[in-house]
2 protein chains.
Amino acid sequence: MSNIETAFKSPSERERLIEALIAIVGEDFVLSSEDMRQKHSMDTLPENKICSLAIYPSSTSEVQAILKVARDFRCPVWPFSRGNNWGYGTKNALHENAIILILERMNRIIEVNEKLAYAVVEPGVSQKQLNDYLKKNKLKLWMDCTDSTPNGSVLGNSVERGYGYTPYGDHFAHLCGLEVVLPNGDILKTGGEHSNAKTWNTFKWGSGPFIDGLFSQSNLGIVVKAGVWLMPEPEDFQLFSFEINDSKNLPAAIDALRELSLDGIIQCHTHMVNSFQMMSLLDSYPYEKRGDNHYLSETTLSEIRSQFHLPEWSLIGGLYGSKKIAKIRKKSLKNKLGPLGTLEFFDENKINFVRRFAKFYENSSRNQLLFFLASLVKSVISPKPIKLIKLLPEIFDILKGIPNESILASAYFKSKTPPPAQELNPAQDGCGIMWLAPTLPALGSEAETILNIVKPIYQKHSFEFSGCFTLINPRTFFLLLGIFFDPSSNDEKKRAITLYQDLLFNLKEAGFYQYRLGLPSMENFLSHSPEHANFLLNLKASLDPENILAPGRYAKLTKELSK
Amino acid sequence: MSNIETAFKSPSERERLIEALIAIVGEDFVLSSEDMRQKHSMDTLPENKICSLAIYPSSTSEVQAILKVARDFRCPVWPFSRGNNWGYGTKNALHENAIILILERMNRIIEVNEKLAYAVVEPGVSQKQLNDYLKKNKLKLWMDCTDSTPNGSVLGNSVERGYGYTPYGDHFAHLCGLEVVLPNGDILKTGGEHSNAKTWNTFKWGSGPFIDGLFSQSNLGIVVKAGVWLMPEPEDFQLFSFEINDSKNLPAAIDALRELSLDGIIQCHTHMVNSFQMMSLLDSYPYEKRGDNHYLSETTLSEIRSQFHLPEWSLIGGLYGSKKIAKIRKKSLKNKLGPLGTLEFFDENKINFVRRFAKFYENSSRNQLLFFLASLVKSVISPKPIKLIKLLPEIFDILKGIPNESILASAYFKSKTPPPAQELNPAQDGCGIMWLAPTLPALGSEAETILNIVKPIYQKHSFEFSGCFTLINPRTFFLLLGIFFDPSSNDEKKRAITLYQDLLFNLKEAGFYQYRLGLPSMENFLSHSPEHANFLLNLKASLDPENILAPGRYAKLTKELSK
């Protein structure tokens, strides 16, 4: 990637660039000190690239002006909505000395239409902000959130084609009507003829070629505004959990999930984690138990599973809709999943009981008698550890579109320091985590195939296998592979990278491609599809001839950028 | 458009072109006689353009070779899957002397995957062919069909972003994985890295920019293969009809349909026609009743409505899924729609009774006694005319994805000759029909607004208003406006064009844009969005610098094509 390192010809040239940018946004919003350069480049990945500066525009016209300056100075700009894409690259460019453009000050909720169930927002609007807005204004609409930070951008995740849990969990599919700043500075409203179109935020196809997709997972434009469809508050909501104790049942469960989803019984995006990924949600990594190895032995893992009463695979999902329909759907779930594992349902009442109990149990721990009584109750209602019991109401909220940090905490699994009480920031806090997410057809046999590929590779590189099968549409899962590493160990960092590349290579050879890419996947993007790479290069060259916008992001690099 | 008329420098040049094309597909499949040129240019629109020739390739490599020849001769190529896009342009180009490329010989059903519920087909595969295949092979999958001809192309309608009736009725949304011949002859598989991707036909977003949309409603490539998602055969299916007798209830009904759709009670694409459009389904146009006018008076229309027992608006839709869930959904429909009109449900048994009765009634008409008895039964079960009773089972089938010609027959409304018994072809049979389909937000108030715009324009140009509100997603309808004209009357043809242009102009001014365009709309496409037009021109120039592929289709014309 050295051909796109930005090397300034002289220190004074960088100074002139900074001056030109300050003239646009003011000096408070151009952060170019050594300290700030380091801070903005911190990442959970084993490697990062130090930026030249970070800039925080407050408006579309400022974004346009920044692009113009970048073109004049031939200095690449990497846009981020809020830059919390931990595990995939955070605020990092693929090369040193880029301009990091952060859109978090552009955080207006421009419109919420309750009848037509959509919002129009800017990229700086966070999950927490949108949810708070809906609740505060008593709007009968739910958003879909990810299980990452409440501070994450709604649009950022959507243009990156991320997923949540509810029926509105395919975030890109629920965008409708984009406003984009093109690399040349032009503003484009997608969806056809839209100077005054009434259906800009209700009918995404518009007329003529449908171009929204060009601005997702791409470096072809900066989305500065978009419509987001919201879910009318359902009459009823229930969470269901499903535990597979015998791995042999996994393929049948995958098949059952496909059938239930194709039949419209399951309308959400179920997540099913293996026991190791579940451990990351409950405790910090037990370094002390791995002895002389780089990893926990099967025996140790088995002991931990017993200690926490963890099944091989744990799934959660939600039922949304009328009470009566939920009742019928529950029956279908019981019929299909019941024989394969343990299925349990939680409605608002049951969750409130769990919530109250968990609080009481914790508080009573200082009083022996109360604690003894609470333990007795606990052993009756559930043999689960208290951390798991505490987690459930948090996940319940996420399934209702209310973001929280409960699952994000797992990023601290291998940190030597525990997560702070709130405002988690795995990159700033020096956590080590990489994600890799190949897709597979929703067939039990394919689930077996992919596990047979990835598990030995984890073993080969002395890491514990960590995976989550997520149903992203009735015909497809992704298997989210987590690589947790100790960021203070150079050896683990190195092995994490080789594990990642080994997984990536073998998965591609076998036909399993990712639904989104982290930075370490970009270099070999489209290595198997030269004609597709060529097509995108052609597009990029026509829209961004100077290759100023995020060169190499979901694209081959072609041009040398010198500066 | 004269700047893109293809004028051959000499007759011998055309001869050389024909020879070059015959060398690719053989002489049986290059149709260049005067007779064939006329035949391929026949249309239901008031104006058409005579093509230079029609060519029928049998393979992707032949399509590539044809494009090469076209580039060499600088002669535009207009591709059509099967070319039955009646009311929007049939097989017509925007200019004379184009090469008409018809893909109907490329009609392989390459794969049907029953578990993952998809088919991979070529553009020549017709609706009838795919449905027959599913039925013959006893696959428990339903396709979605349009209410146009069974001979229509599955892919053609999908890349044109057409709609059917079932939950799979948004045809473009249900495409997954395209193979495209680009204007330069390259073959591109969309969806990311797909030389060997296992999820090519299950996960449409792939990785990197999502580009499928570029090949819908466009002139940027020729789709020669695609995955099409199919619906698993539902446990239960019922048709529902809903009649609004008092127009005042229309806005409330539109609002109710939005709410039912947002709540997932309605999952299909309901169609609601006004009484005049309904008449076109039942009888031929009563020229004799319009006296000295160009149109039927309100009194006459009212008489016909009484005669046929037609409500102001007639809606049909389907319920798909389990019997138990259907029961609950029926109740919701009754609650919301019941107070606004007449709601009726038809399951398989009831439809079979209707089917048998209609047959018996017709057959008995030759026997006075039986006919008297049948009439007695008919007056008890329904006051509807027998044609409407006969239509219902046909619509029932369409809602199950089984294509038939029952609704297509309405294209013959103003023909002086009735439709043939089968193999309807409105273009060849000289029918006069144009469609115009603006979208509107799914709000009763917007339905009122759009009717207040279009009705006076119909009146101004002495045509009867013909409209169908179709629910295309929970937040959007289109209003399909029909312009039926007498193709033997030059006056009607002229007025049909001015009506069309007047509607188009006023709808655009008011912010109502079409979901797809007929040829007469192309010239002013993006007139209100210069920056969008510019963006597409840029794309077109980078993919098709010679402007060989369907110049002017969903795009501004820029280059002069001389020959």
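Keep in mind that what you see is a predicted model, and the values were worked out from it rather than measured. Going along each chain's sequence as written, the residues are numbered from 1 onward. For naming, the first written chain is A and the first written ligand is 1, with later ones following in the order written. Where local features are concerned, this predicted model is filtered to residues with pLDDT of at least 70; where side-chain atom pairs are given and counted, the filter is 80 or more; whole-chain, interface and lining totals use all residues. By convention in this description, side-chain values take in all heavy atoms of the structure and omit both hydrogens and water.

Trainee: Mind showing me how you'd approach unusual backbone geometry here?
Mentor: In most cases, non-glycine residues show a negative phi, while peptide bonds are predominantly trans. Residues and elements named next belong to chain B. Here the phi dihedral of Arg74 falls at roughly 50°; this positive angle occurs in a residue that is not glycine. Considering the arrangement of structural elements, one finds Arg74 in the loop between helix H3 (60-73) and strand S3 (77-80). Using a relative accessible area of 31% as the deciding quantity, one classes Arg74 as partly exposed. Unusually for a residue other than glycine, Leu526 sits at a positive phi of about 65°. For the purposes of this entry, the term helix denotes a DSSP run of H or I that reaches at least four residues, the term strand denotes a run of E that reaches at least two, and both are numbered from the N terminus. Using a 1.4 Å probe on the protein chains alone, a residue whose accessible area is under 20% of its type maximum counts as buried, one over 50% counts as exposed, and one in between counts as partly exposed.

Trainee: Mind showing me how you'd approach the packing of helix H16 (residues 530-543) of chain A against helix H16 (residues 530-543) of chain B here?
Mentor: Two quantities define a packed helix pair, namely the angle between the helix axes and the distance between the axes. Every angle, taken between N-to-C directions, lies between 0 and 180 degrees, and every axis is a line fitted to C-alpha atoms, over only the stretch in contact when it is a helix. In contact at an axis separation of 10 Å, H16(A) and H16(B) are set at 130° when each is read in the N-to-C sense. Judged by the angle between their axes, H16(A) and H16(B) are oblique. As for the relative orientation of H16(A) and H16(B), their crossing is right-handed in sense. Residue-level inspection shows A:Phe535, A:Asn538, A:Leu539, A:Ser542 and A:Leu543 of H16(A) in contact with H16(B), the latter providing B:Phe535, B:Asn538, B:Leu539, B:Ser542 and B:Leu543. Classifying every residue of the contact of H16(A) with H16(B) gives six nonpolar, four polar and no charged. Angles are sorted into four bins: roughly parallel if under 35 degrees, roughly antiparallel if over 145, roughly perpendicular if 65 to 115, and oblique for all others. In this scheme the crossing of two helices becomes right-handed for a clockwise turn of the near helix relative to the far one and left-handed for an anticlockwise turn of less than a right angle. Contact criterion: two residues are considered in contact whenever any of their non-hydrogen atoms come within 4.5 Å of each other. Here the nonpolar group is Ala, Val, Leu, Ile, Met, Phe, Trp, Tyr, Cys and Pro; Asp, Glu, Lys and Arg are the charged ones; every other residue, Gly included, is treated as polar.

Trainee: I keep staring at the state of the cysteines and nothing clicks. Help me out?
Mentor: Disulfides are covalent bonds that connect the sulfur atoms of two cysteines. Disulfide: a pair of cysteine sulfur atoms within 2.5 Å of each other. Within this structure, the stated rule accounts for zero disulfides over all chains. Looking at B:Cys51, it has no disulfide partner, and the nearest cysteine sulfur is the one in B:Cys75, 10 Å off.

Trainee: Even after reading the chapter, I still don't get the relation of the copies chain A and chain B, so can you show me in this structure?
Mentor: To go from the first copy of the chain to the second, apply a rotation about an axis and then a shift along the same axis. In the superposition of chain A on chain B (RMSD 0.0 Å, axial shift 0.0 Å), the rotation amounts to 180°. Such a turn and shift between the copies fits a two-fold axis. In this assembly, 100% of the residues forming the interface of chain A have copies in chain B that are likewise at the interface, indicating an isologous arrangement. Least squares is the method for superposing the copies, and the C-alpha atoms it fits come from residues with pLDDT of at least 70 in both.

Trainee: So what exactly am I meant to see when it comes to the packing of aromatic side chains here?
Mentor: Ring pairs (aromatic) are described by centroid distance and by the angle formed between their planes. Residues and elements named next belong to chain A. Each Phe, Tyr or Trp ring, with Trp reduced to its six-membered ring, pairs with another whose centre is within 6.5 Å; inter-plane angles below 30 degrees give stacked pairs, above 60 give edge-to-face pairs, and intermediate values give tilted ones. Taken as a whole and judged by the stated rule, the model has 48 aromatic pairs over all chains. Residues Tyr163 and Tyr515 carry aromatic rings whose centres are separated by 5.6 Å and whose planes lie at 65° to one another, so their mutual orientation is edge-to-face. Here Tyr163 is found in the loop between helix H5 (154-159) and strand S8 (175-181), whereas its partner Tyr515 is found in the loop between helix H14 (490-509) and helix H15 (519-522), with 352 residues between them in sequence. Residue Tyr163 shares its accessibility class with Tyr515, and that shared class is buried. Centre to centre, the rings of Phe525 and Tyr554 are 5.9 Å apart; their planes meet at 90°, and the pair counts as edge-to-face. Highlighted residues: Phe525 in the loop between H15 and H16 and Tyr554 in the segment after H16, separated in sequence by 29 residues.

Trainee: Sorry if this is basic, but what is going on with a positive patch on the surface here?
Mentor: Each patch is built from residues that are more than 30% exposed by relative accessible area and take part in no salt bridge. Like charges join if they lie within 9 Å; nonpolar side chains (Val, Leu, Ile, Met, Phe, Trp, Tyr) join within 5 Å. All accessible-area figures derive from a Shrake-Rupley calculation using a 1.4 Å probe, and residue coverage is judged against the displayed protein chains alone. By definition here, a salt bridge exists when the distance from a side-chain nitrogen of Lys or Arg to a carboxyl oxygen of Asp or Glu is within 4 Å. The convention is simple: Lys and Arg are positive, Asp and Glu are negative, and His and the chain ends are not counted. By convention, the charge on Lys lies at NZ, on Arg at CZ, on Asp at CG and on Glu at CD. The grouping of A:Lys324, B:Lys327, B:Lys331 and B:Lys334 at the surface amounts to a positive patch. Among the elements that take part in the positive patch, helix H9 (residues 323-337) of chain B stands out by supplying three residues, more than any other. With respect to the helices and strands, the residue B:Lys327 is situated in helix H9.

Trainee: When you look at the interface of chain A and chain B in this model, what are you seeing that I'm missing?
Mentor: Accessible area lost upon the coming together of the parts is a frequently used measure of interface size. Of the residues lining the interface, 89 residues belong to chain A; the matching set on chain B comes to 89 residues. Buried surface area refers to the total accessible area, computed with a probe of radius 1.4 Å, that the two partners give up upon joining, counted for both partners together. Roughly 7,000 Å² of surface becomes buried between chain A and chain B when both sides are summed, with 60% attributable to carbon and sulfur atoms. Counting across the interface, chain A meets chain B through two salt bridges. Close ionic contact of B:Lys198 with A:Glu446 constitutes a salt bridge, the shortest N to O distance being 2.9 Å. If you tally residues by element for the side of chain A that touches chain B, the top one is H16(A), at nine residues. Looking at the side of chain A that touches chain B residue by residue, the classes come out as 41 nonpolar, 31 polar and 17 charged.

Trainee: Would you mind showing me how to read the sheet that holds strand S6 (residues 118-121) of chain B here?
Mentor: In a beta sheet, neighbouring strands pair by backbone hydrogen bonds and run either parallel or antiparallel. Residues and elements named next belong to chain B. Strand order across the open sheet formed by five strands is S5-S6-S10-S8-S9, with antiparallel pairing between neighbours. A single partner strand is all that each edge strand has here, and the edge strands are strand S5 (109-113) and strand S9 (187-189). Ignoring strand direction, the axes of neighbouring strands in this sheet form an average angle of 10°. Only strands joined by at least two bridges in the DSSP assignment are considered to pair. Taken together, the four bridges between S5 and S6 define a ladder with antiparallel strand orientation. Within S6, the position partnered with Asn113 by the bridge is Tyr118. The sheet contacts of H3 involve strand S8 (175-181), S9 and strand S10 (222-229), and relative to S8 the element is tilted by about 45°. Helix H4 (residues 127-136) contacts S5 and S6 of the sheet and is inclined by roughly 45° relative to S5.

Trainee: Sorry, what's going on with the nonpolar core here?
Mentor: In summary, soluble globular proteins display a tendency toward joint burial of nonpolar side chains. Note on terminology: a nonpolar core comprises buried Ala, Val, Leu, Ile, Met, Phe, Trp, Tyr and Cys residues joined through side-chain atoms within 4.5 Å. Membership of the largest hydrophobic core comes to 333 residues, with the highest contact counts inside it found for A:Phe215, A:Phe469, B:Phe215 and B:Phe469. Here this core takes nine residues from helix H12 (residues 386-399) of chain B, the largest share from any one element. If near-sequence neighbours (up to four positions away) are discounted, A:Phe215 is found in contact with A:Val159, A:Leu178, A:Val180, A:Leu182, A:Leu188, A:Thr190, A:Leu220, A:Gly221, A:Val223 and B:Phe535.

Trainee: When you look at the side chain of A:His171 in this model, what are you seeing that I'm missing?
Mentor: Residue and element names in this part refer to chain A. Turning to its location among the elements, His171 is positioned in the loop between H5 and S8. Overall, the relative accessible area of 7% leaves His171 in the buried class. Identification of polar contacts relies on pairs of N or O atoms within 3.5 Å, with a donor-acceptor requirement for protein atoms, meaning one able to donate a hydrogen and the other able to accept it, and with residues adjacent in sequence counted only if both atoms are side-chain atoms. Side-chain polar atoms of His171 contact the side chain of Asp144, separated by 2.6 Å. If we skip the residues at most four places from it in the chain, His171 touches Asp144, Cys145, Thr146, Asn157, Ser158, Gly162, Tyr163 and Gly164.

Trainee: Help me understand the domain arrangement of chain A, please; the structure alone is not making it clear to me.
Mentor: All names here are of chain A. The domain boundaries here were taken from an automatic or database domain assignment. Domain boundaries in chain A define domain 1 (4-102), domain 2 (109-232), domain 3 (237-343 + 400-521) and domain 4 (530-562). Computed over C-alpha atoms only, the centres of domain 1 and domain 3 are separated by 34 Å. Counting residues at the interface gives 17 residues for domain 1 and 23 residues for domain 3. At the boundary of domain 1 with domain 3, total buried surface from both sides reaches about 1,600 Å², with 65% on carbon and sulfur atoms. Sorting the residues of domain 1 by area buried against domain 3 places Pro46, Trp86 and Tyr88 first, and these three jointly supply 48% of that buried surface. Here domain 1 is connected to domain 3 by zero salt bridges. The interface formed by domain 1 and domain 3 holds four residue pairs in polar contact (both at pLDDT 80 or more) in total.

Trainee: Quick question: what am I supposed to make of helix H8 (residues 298-308) of chain A here?
Mentor: Count 3.6 residues to each turn of an α-helix, and residues three or four apart come out pointing the same way. All names here are of chain A. Those residues of H8 not exposed but buried are Thr300, Leu301, Ile304, Arg305 and Phe308. Looking down the long axis of H8, one finds its buried residues gathered within 140° of arc, a one-sided arrangement. Exposed residues pointing more than 90 degrees away from the buried face of H8 are listed as Glu298, Thr299, Glu303 and Ser306. Those residues of H8 that are buried are in contact with helix H7 (275-282). Following H8 by one or two positions, His309 has its phi on the positive side, about 55°. The arc refers to the directions leading from the helix axis to the C-beta atoms.

Trainee: Before we go on, may I ask you to explain the sheet that holds strand S9 (residues 187-189) of chain A in this structure?
Mentor: All names here are of chain A. An order of S5-S6-S10-S8-S9 is seen for the five strands of this open sheet, with the pairing classed as antiparallel. Each end of this open sheet is capped by a strand with a single partner; those strands are strand S5 (109-113) and S9. For this sheet, the mean inter-axis angle between neighbouring strands, taken without regard to orientation, is 10°. Packed on one face of the sheet, helix H3 (residues 60-73) meets S8, S9 and strand S10 (222-229) and runs near 45° to S8.

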